[in-house]
Amino acid sequence: MDLKVEDSTPLLMSGSNKYDSMEKSSEGALLGSNSVEKVQGGVHPQPVQRRPFHYPSASNLGSINEDQSLEVSATLSRHRYYSKLADPSLKTLKIPDHIVPSYFFYPFPFTKVVGKQSSIVTIFSIWNTMMGTTLLTMPWAVQQAGFACSFAIMLGMCSVCLYTAYRIVKMPGLVSNASEVLLEFSDVARHLLGRWGEWCSVLFSLLTLLGSAIVYWVLLTNFTYYTVVYIYELSTGTSRPLDAINTTYVNVICDPSFEAIGNSTTQEYIHTSIFYEVWDIKRTVPLFLLIIVFPLINLKSPTFFSKFNALGTLAVFYLISFAVVKSAQWGIHFDLYHSTSSDFVSLYLPSFPALAGVSSMAFFIHNCILSLCRNQKNPENNVRDLIIAYVLVCLTYFLIGFLIFVSFPLKKLCIAENILNNFSSSDLMAFLTRVFLLFQVLTLFPLILYVLRIQSMHFLFGSIYPGFKHVVILNSFLVFICIMFAVFFPYVGTIIRFSGAISALSYVFTLPCITYLKAQKIKGTLKTTTIVLHGSLICLGIVNFVAQFFVGI
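Residues numbered from 1 in each chain as written. Predicted model: local features only at pLDDT ≥ 70, side-chain atom pairs only at ≥ 80, totals over all residues. Heavy atoms only, no water.

Looking at the overall build of the chain
- Scanning the chain from N- to C-terminus turns up 17 helices and two strands.
- Taken over 553 residues, the chain has a buried fraction of 57%. (Helix = DSSP H or I, 4+ residues; strand = E, 2+ residues; numbered from the N terminus. Buried < 20%, exposed > 50% of the residue type's maximum accessible area, 1.4 Å probe, protein only.)

And the structure:
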């Protein structure tokens, strides 16, 4: 994770806010106030637009505008109230499924989806959601595990995440007699496990979003710093001394944080002008970002930023092109037999849990998979489309991670947690990649905090916007945490693996397995082999999380 919530975290999707519906029953009874008018001779519709209810989740960003916030909260509360009064056997007072809003996804520029989405849209929506900043960390994660071990871990984690995501997709069908519309996995958890299940799902969803926000702020700092440095050096004709050290290949440098290279000058920049004193990646840039970002995250509606969702797909495709071009320029640097060679590659390393943690975030989509599959034109294809999407995601991570790893021209230990840090600020392609990702993250960060805000505010106050003061206080606290990490612990790989391990422990391994076991128990079909299998997955999640503490930073 890579956070969409998206550190690392899992990317975000935008929803349409133009839903007009006017429903009536076969007897002419009203389903919405003032939507029809009874007159002599029949029931005639009035030209009144009706907004369906909205559930605040990562899948429908942008569907709330300033005029809707009060209506959304009131309608959601009314829905909850009627759901509690509903009779499961008679299915009375249940909001019909066709009233639930549709969501539209834009995996490609200029692609507009109207009505039910096709399988290709579902597949690339899932792919686009899982593709994020974890791509930048994958070469480092592969190096942490070793070449052969990386294959096994990535395939294993992909398979486990696919299986539990499949269980979540099929879960609403196991509780089809529910008296309420099960929109999100938290609804399923509440129905099967009770209030504590919903609390756990919401809490760990918020932790996942917070991890993504921290990763995004660290990357915002990094991209902003190097973008400005490139412009400054291009205009003045100067360069940092660090870029000229340990450079065997043009514009390729060893990770500045790697201490084993025995050259202390790589540990800090040699300041040759006042510019590098004022523009410092740790001391000043994280604070300068406040001027631009803080006003944006306090906006009541993120509709403007949700329109840039296609930029994420463009950034991913450019990053893939960047990796292919650089690897072609470097050639293959792969040696399994000579440990003293600079091209030596280990098959296995004891730090392999780092890759397991990163992969947990890389394949994490469980908190929004129901939203992505809900609007499928042919729901029977959801499982097939989910499998195809996971195969594409796995191939993409393999391409970026292993391609850069086997072709990296310096010692493999020099690979940075953010692969772009292995390129000097004067590298043009690296500069363009940073610019792409800078604008992508700059639009995604407000969306991440918006989702975090509406989930926490609605959970605490029953309103997605209880007041400007509440929002400012919450955002100030969240940004303070992000700045502290950017200043004192700007290690995106480590942040992603811990965030991914926590998210996987809850949403990948534990909650899907427990809810499935509970559903089987209710149906009376629970078997011992099912308990053993899913109990083993829960234990695997615990081991994955604990193992992160035994990997050096």
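Now that the structure has been shown, the text picks up again.
What about empty space enclosed by the protein?
- The calculated volume of the second largest cavity comes to roughly 70 Å³.
- Taken together, Gly132, Thr133, Leu135, Leu136, Ala315, Val316, Leu319, Leu437, Gln440 and Val441 make up the full set of residues lining the second largest cavity.
- Those elements that place two or more of their residues in the lining of the second largest cavity are α3 (134-145), α10 (309-330) and α14 (428-461). (1 Å grid on protein atoms, 1.4 Å probe; cavity = no way out; pocket = protein on both sides within 12 Å on 5 of 7 lines; lining within 4 Å. Points joined across faces, edges and corners; volume = space filled by probe spheres on them.)

A few points about the confidence of the model for the chain
- In this model, the chain carries an average pLDDT of 76, and 71% of its residues clear a pLDDT of 70 or more.
- Looking at the elements of the chain, mean pLDDT is at its lowest for strand β1 (residues 36-39), recorded as 41, and at its highest for helix α17 (residues 528-547), recorded as 95.
- Note that pLDDT drops below 50 for residues 1-68; the model gives that stretch 218 contacts with residues more than four away or on any other chain.
- Counting interchain partners and residues more than four positions distant, the pLDDT-below-50 stretch residues 87-91 has four contacts. (pLDDT = per-residue confidence, 0-100. Contact = heavy atoms within 4.5 Å.)

Some thoughts on the pattern of salt bridges
- One pass over the structure, following the stated rule, counts four salt bridges.
- When the shortest N-O distance is used, the salt bridge between Asp427 and Lys326 registers 2.9 Å. Residue Asp427 is found in the loop between α13 (382-407) and α14, and its partner Lys326 is found in helix α10; the two are separated by 101 residues along the sequence.
- Among the residues examined, Asp427 registers a relative accessible area of 2% and is labelled buried.
- Here Lys326 falls in the buried class, since its relative accessible area comes to 7%.
- In the salt-bridge network here, residues are joined through shared partners; they are Glu277, Asp280 and Arg283. (Salt bridge = Lys/Arg side-chain N within 4 Å of Asp/Glu carboxyl O.)

Here we look at helix α5 (residues 185-193)
- Within α5, eight of the nine residues are buried, which leaves the element mostly enclosed by the surrounding structure.
- Listed as buried for α5 are Phe185, Ser186, Asp187, Val188, Ala189, Arg190, Leu192 and Leu193.

Comments concerning the nonpolar core
- Judged by nonpolar contacts, the single largest core of 121 residues is most densely connected at Phe363 and Phe445.
- Setting aside anything within four residues of it in sequence, one finds Phe363 in contact with Met130, Met154, Met157, Cys158, Cys161, Tyr390, Val393, Cys394 and Tyr397. (Core = buried A, V, L, I, M, F, W, Y, C linked by side-chain atoms within 4.5 Å.)

What to know about the packing of helix α6 (residues 195-236) against α14
- One way to put it is that α6 packs onto α14 with a least axis distance of 7 Å and a crossing angle of 150 degrees. When the axis of α6 is compared with that of α14, the two are roughly antiparallel. For the pair α6 and α14, the crossing hand works out as left-handed.
- The class makeup of the residues in the contact of α6 with α14 is 27 nonpolar, seven polar and one charged. (Axes fitted to C-alpha atoms, helices over the stretch in contact; angles between N-to-C directions. Parallel < 35°, antiparallel > 145°, perpendicular 65-115°, else oblique. Left-handed = near helix turned anticlockwise from the far one by under 90°. Nonpolar A, V, L, I, M, F, W, Y, C, P; charged D, E, K, R; others polar.)

Comments concerning the environment of Val142
- The topology assignment puts Val142 in helix α3.
- Between the alpha carbons of Val142 and Val358 there is a distance of 9.7 Å; along the sequence they are 216 residues apart.
- What Val142 contacts, discounting residues up to four positions off in sequence, is Ser150, Met154, Leu355, Gly401, Phe402 and Phe405.

Considerations on the side chain of His366
- Secondary-structure assignment places His366 in the loop between α11 (353-362) and α12 (369-374).
- Reaching out from His366, the side chain makes a polar contact with the backbone oxygen of Cys161 at a distance of 3.1 Å.
- A distance of 2.8 Å separates the side chain of His366 from the side chain of Thr164, its partner in a polar contact.
- Discounting residues that sit within four places of it in the chain, His366 has contacts with Cys161, Thr164, Ala165, Ile168, Phe185, Tyr390, Tyr507 and Val508. (Polar contact = N/O pair within 3.5 Å; in protein donor to acceptor, adjacent residues only side chain to side chain.)

Things to note about helix α2 (residues 119-130)
- Between its first and last C-alpha, α2 extends 17 Å over 12 residues, near the 16 Å set by a 1.5 Å rise per residue.
- Taking burial as the measure, the 12 residues of α2 include 11 buried ones, the bulk of the element.
- Among the residues of α2, those classed as buried are Ser119, Val121, Thr122, Ile123, Phe124, Ser125, Ile126, Trp127, Asn128, Thr129 and Met130. (Expected span 1.5 Å × (residues − 1).)

Points about the state of the cysteines
- For the coordinates displayed, the defined rule picks out one disulfide.
- Bridging Cys254 to Cys414, the disulfide has an S-S length of 2.1 Å. Disulfide Cys254 to Cys414: torsion about the S-S bond roughly -90 degrees, handedness left-handed. Here the residue Cys254 occupies a position in the loop between α6 and α7 (274-278), and Cys414 occupies one in the loop between α13 and α14, the gap between them amounting to 160 residues. The same class applies to Cys254 as to Cys414, namely buried.
- There is no disulfide at Cys373, and the cysteine sulfur nearest it, in Cys368, is 9.5 Å away. (Disulfide = S-S within 2.5 Å.)

Here's the deal with the environment of Leu355
- Its place among the elements puts Leu355 in helix α11.
- Assessed through its relative accessible area of 0%, Leu355 is described here as buried.
- Between the C-alpha atom of Leu355 and that of Ser150, which follows or precedes it by 205 residues, the distance is 7.2 Å.

Examining the environment of Thr227
- Residue position: Thr227 is located in helix α6.
- Sequence-wise, Thr227 and Ala430 are 203 residues apart; in three dimensions their C-alpha atoms are separated by 9.5 Å.
- Once you skip the residues sitting within four places of it in the chain, Thr227 turns out to touch Phe431, Arg434, Val435 and Leu438.

Focus: the packing of α6 against helix α16 (residues 492-523)
- Two elements in contact, α6 and α16, have axes whose closest approach is 10 Å; the angle formed by their N-to-C orientations is 160 degrees. Considered as vectors, α6 and α16 are oriented roughly antiparallel to each other. Of the two elements, α6 crosses α16, and the hand of that crossing is left-handed. Contacts between α6 and α16 involve Cys200, Ser201, Val202, Phe204, Ser205, Leu207, Thr208, Gly211, Ile214, Val215, Val218 and Leu219 on the former and, on the latter, Val492, Ile495, Ile496, Ser499, Ile502, Ser503, Ser506, Tyr507 and Leu511.
- Looking at side-chain class alone, the contact of α6 with α16 contains 14 nonpolar, seven polar and no charged residues.

So, the packing of aromatic side chains
- For the structure on display, the rule yields 29 aromatic pairs.
- Centroid distance Phe147 to Phe402: 5.6 Å. Interplanar angle 90 degrees. Geometry classified as edge-to-face. Here Phe402 lies in helix α13 and Phe147 lies in helix α4 (residues 147-174), a separation of 255 residues in the sequence.
- Judged by its relative accessible area of 7%, Phe402 is buried.
- Between Tyr232 and Phe275, the ring centres sit 3.8 Å apart and the planes meet at 5 degrees, which makes this aromatic pair stacked. Linking Tyr232 in helix α6 with Phe275 in helix α7, this pair joins segments that are 43 residues apart in sequence. (Phe/Tyr/Trp six-rings, centres within 6.5 Å; stacked < 30°, edge-to-face > 60°.)

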